[in-house]
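Breakdown of the fold
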Amino acid sequence: MASSWKLMLFLSVTMCLSEYSKALPGLSTSYAALLRIKKSSSSSLFGSKTRPRYNSPSLGTLSASSPSWRGAAQNYYSPINLYHSSDAFKQDDLGNFSGRTRSAVSVREGQGVVLMCSPPPHSPEIIYSWVFNEFPSFVAEDSRRFISQETGNLYISKVQTSDVGSYICLVKNTVTNARVLSPPTPLTLRNDGVMGEYEPKIEVHFPFTVTAAKGTTVKMECFALGNPVPTITWMKVNGYIPSKARLRKSQAVLEIPNVQLDDAGIYECRAENSRGKNSFRGQLQVYTYPHWVEKLNDTQLDSGSPLRWECKATGKPRPTYRWLKNGVPLSPQSRVEMVNGVLMIHNVNQSDAGMYQCLAENKYGAIYASAELKILASAPTFALNQLKKTIIVTKDREVVIECKPQGSPKPTISWKKGDRAVRENKRIAILPDGSLRILNASKSDEGKYVCRGENVFGSAEIIASLSVKEPTRIELTPKRTELTVGESIVLNCKAIHDASLDVTFYWTLKGQPIDFEEEGGHFESIRAQASSADLMIRNILLMHAGRYGCRVQTTADSVSDEAELLVRGPPGPPGIVIVEEITESSATLSWSPAADNHSPISSYNLQARSPFSLGWQTVKTVPEIITGDMESAMAVDLNPWVEYEFRVVATNPIGTGDPSTPSRMIRTNEAVPKTAPTNVSGRSGRRHELVIAWEPVSEEFQNGEGFGYIVAFRPNGTRGWKEKMVTSSEASKFIYRDESVPPLTPFEVKVGVYNNKGDGPFSQIVVICSAEGEPSAAPTDVKATSVSVSEILVAWKHIKESLGRPQGFEVGYWKDMEQEDTAETVKTRGNESFVILTGLEGNTLYHFTVRAYNGAGYGPPSSEVSATTKKSPPSQAPSNLRWEQQGSQVSLGWEPVIPLANESEVVGYKVFYRQEGHSNSQVIETQKLQAVVPLPDAGVYIIEVRAYSEGGDGTASSQIRVPSYSGGKITSAQSTLHTLSTSSSSVTLLLALMIPSTSW
């Protein structure tokens, strides 16, 4: 029998598995790689490394024998559920199911059933699932079917015919993904009838006591058999289930994440159907591991001193404490006490030194705290700065001579003055720390004092010399002074002191040291004499008022005195300004008084600022003069519907102070507009149009919302007005069109204003004429004349009697090969009758038309005329330039310029000459190939020659530089650049690039 089910299962699985590692259909490769055939096992078809898990109690008659487990026995605590504990396997162990054939389970339809998994030994990190009939068809959990992750068993609340088949329990290790399968358990239906309805029976429930660590996740299971299928509900007795809790698996599992102490309590699950109900209660206990509240610190003690250490920890249950010394438990002794985490050792000695541990523990864990105890033992010693000192005090003062030797145990102290022991009395006492105190010191107390410290290990001494001086006195003048801002003063501080003592002076203002470098030059300390000092305060400010202190410091004592300076100045800023009782043109203001700075306030001034004002402006008020004792006034003559801010400025006899903080922004109320438009006039327009223009009213004077204009007009000499509304507050023009209105018809026009509050005033009446219309006649006698290679002059005449007076003329022009609609245009203004067009192409035919225009539009174009620009000027420059200087003039000669076929003929030549350093050139024109250039002034001249034609000037020759000689004589240094003529005294200068001179 066993071999038959093994064979059937083997064939079923091998259809889905390769021999060792092919992937299962519908599963990942890693799953298939770990679910493998174990050939060497005779007791189980499927297997992997054995892994531990808790033993689970059986809930039915089916069971499997447990093979031997590997690993030592120990307690194991689950981080999620702590229902059970068992012998533990290694973390990666998972055992094999028993190969014994499982008996079939036969039930009636409608009856509940439990199929036992009986898992092999395993570690805690496993999950259960069930295969139905063949792999990988898994049982789906719902309200009728439940798989316990505690027992591994499959619970079917109410069996149906579809449940009949073979069931296999699959155990999976969540760490290694290893899986093992149980032998199949057949489920069949009995043929002796159907099970009737019955009340729920809870088959799966959490333990009576569930313990969980704080911060972990708790899962509690509850499932019942019954017909009809029971419904599971949960409640917390005497409380509410935490809001963070979640119900899983059709409410069969209550999961509480991050469990806290207040989640503890009694929980109840209830199963209910139409036949009845059943319930189960269990307690959730939440524990915490011990946690330190107070730890130990390393300690050093003198031999013979007491030790008290305390360690505190929290935890649930409450921790208990144990003490160890050097790792060995510490027991109570005659000198050693241990009570509730407190360790006390009386009269410590060297044997008590060591490392101590405090152990706090409860049933769930333990924590340690460690500290070292050191026992000190040494002879008394004094610091080097205490060995010998001199103390200077003044008469009747207290003096303390310190004596603090270091030693263990603590040294005993004794004092001597000279050779005699110091005797304590009302004036002289030895303090607990060993120091010697002397009250009301006098001359008789002067001398040498010896302090001796002694313990069992030795002794040490220090010597102190005491000197008593007369006390220092101080005089600070003047004591109280009143000043005005900008004035200066000198405070004198004089010290009367013992001549043997050095004196240092310190100055303070309002208790703080004066920083002479950072006070802007207002303060200066002057030390004219050894026993006195002066404080100079220049250009005093309000902030310099207060109490000035002078402190005199000597090596024996320190004394101080104070003087008070009152500074009068302009008032401070008034307090917060409150705006009330706002109307269309006024607002009532109130404020708190300003500081008078020791000079009574004479008056207040109210200022306002709006988006339309240039900064802050003084406003009119009621009363007109606001005296210094007043704290409110009314601002009047404000503009309606304008946003304002207000501030107040105070004045006293010394001056005007800073303004207050601005008030909140307010808006005055709306009112009917009072300002009419200005500069009403006419504008040019098209024929039959009356164009009315005006200067818009500023927003400041619109006085409210819904602002607009009323345009009224009538033909001159008529009675009724025609009115039109213009709703835009920014409008500045209105056009009235009427085909019956002849050109240049006079109209009387006025423009008024209105807003939501009503109509305002109209402007003065002005007379405006309707548009005259566009020009009706075309210009005549249009002519086009070529001026140069890039310029053509266009001229015309206009008939003045035509309708539509022109504002100017537009000249259109285009090339011969282009269409007229691509023409470029040039406009003229006024009555000009010609224009020179520039920037044209050379040697090109252009066509031209001219038409008049005005504000109404354009008139008809003239007839078309044409003209051709001149050819380009010669591109060749004059060459072979030769020149000869005779006194104050130079004779030039050059070769003729031959123009190209597409260039203008040469008309003549232009000689340009200028003195070096000057920008303006003079020009000599000639039709010859030579010219004489005058050189009137001494210096160097720059000369160049150009050919010119009707197309303009050609390319310039290379420049020559000629010096002007007053006497016409050449020095010997110039001989390399000159050739002397044998027939005259003239000198011929030749350029290096010129051809040798020949007869001109």
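In the annotation of an unreviewed UniProt entry, the protein chain is listed under the name Contactin-5 and assigned to Pan troglodytes. Among the UniProt annotations of the protein chain, the heading Subcellular location (unreviewed entry) holds the following wording: "Cell membrane". The Sequence similarities (unreviewed entry) field of the UniProt record for the protein chain holds the comment "Belongs to the immunoglobulin superfamily. Contactin family."

Within the protein chain one finds two helices and 80 strands. Every one of the 1000 residues in the protein chain was classed for burial, and the buried ones make up 43%. Long-range contacts, defined here as pairs at least 24 residues apart, represent 65% of the contacts in the protein chain between residues at least 6 apart. When the accessible area of the protein chain is evaluated, it comes to approximately 52300 Å², of which 50% is carbon and sulfur surface.

Where strand 27 (residues 388–394) and strand 35 (residues 458–469) come together, seven bridges link them in parallel fashion. By the bridge assignment for strand 35, Val393 is matched with Val468. Where strand 34 (residues 447–455) lies against strand 35, nine bridges are found, and the strand directions are antiparallel. Residue Arg452 lies in a different strand from strand 35, and its bridge partner there is Glu461. Two successive antiparallel strands, strand 34 and strand 35, enclose a turn made up of two residues.

This part covers the sheet that holds strand 55 (residues 678–683). In spatial order, the strands read 55-56-59; together these three strands make up an open sheet with antiparallel pairing. One side of each edge strand has no neighbouring strand; the edge strands of this open sheet are strand 55 and strand 59 (733–737). Pairs of neighbouring strands in the sheet enclose a mean axial angle of 20 degrees, with direction left out of account. Examined bridge by bridge, strand 55 and strand 56 (residues 689–695) share four bridges and lie antiparallel to one another. Counterpart to Thr678 in the pairing with strand 56 is Glu695.

Each value, and the rule that gives it
- Residue numbering note: each chain is counted from 1, following its sequence as written.
- Totals for whole chains, interfaces and linings use every residue, but because this is a predicted model, local features are given only for residues with pLDDT of at least 70 and side-chain atom pairs only at 80 or more, for both listing and counting.
- Calculated side-chain values reflect all of the structure's heavy atoms, with hydrogen atoms and water omitted.
- UniProt positions are given in the numbering used here, feature names are shortened, and annotations may be inferred rather than shown by experiment.
- Strands here are runs of E lasting at least two residues and helices are runs of H or I lasting at least four, both read from the DSSP assignment and numbered beginning at the N terminus.
- The cut-offs for exposure are 20% and 50% of the maximum accessible area for each residue type, with area from a 1.4 Å probe on protein chains only; residues under the lower value are buried, those over the upper are exposed, and the others partly exposed.
- Between two residues, a contact is recorded if the distance between any of their heavy atoms is within 4.5 Å.
- Throughout, the Shrake-Rupley method with a 1.4 Å probe supplies accessible areas, and for residues the shown protein chains are the sole cover considered.
- Strands pair, by our definition, only if DSSP identifies at least two bridges between them.
- Only C-alpha atoms enter the line fits that serve as axes; for helices the fit covers just the stretch in contact. Angles between N-to-C directions range over 0 to 180 degrees.

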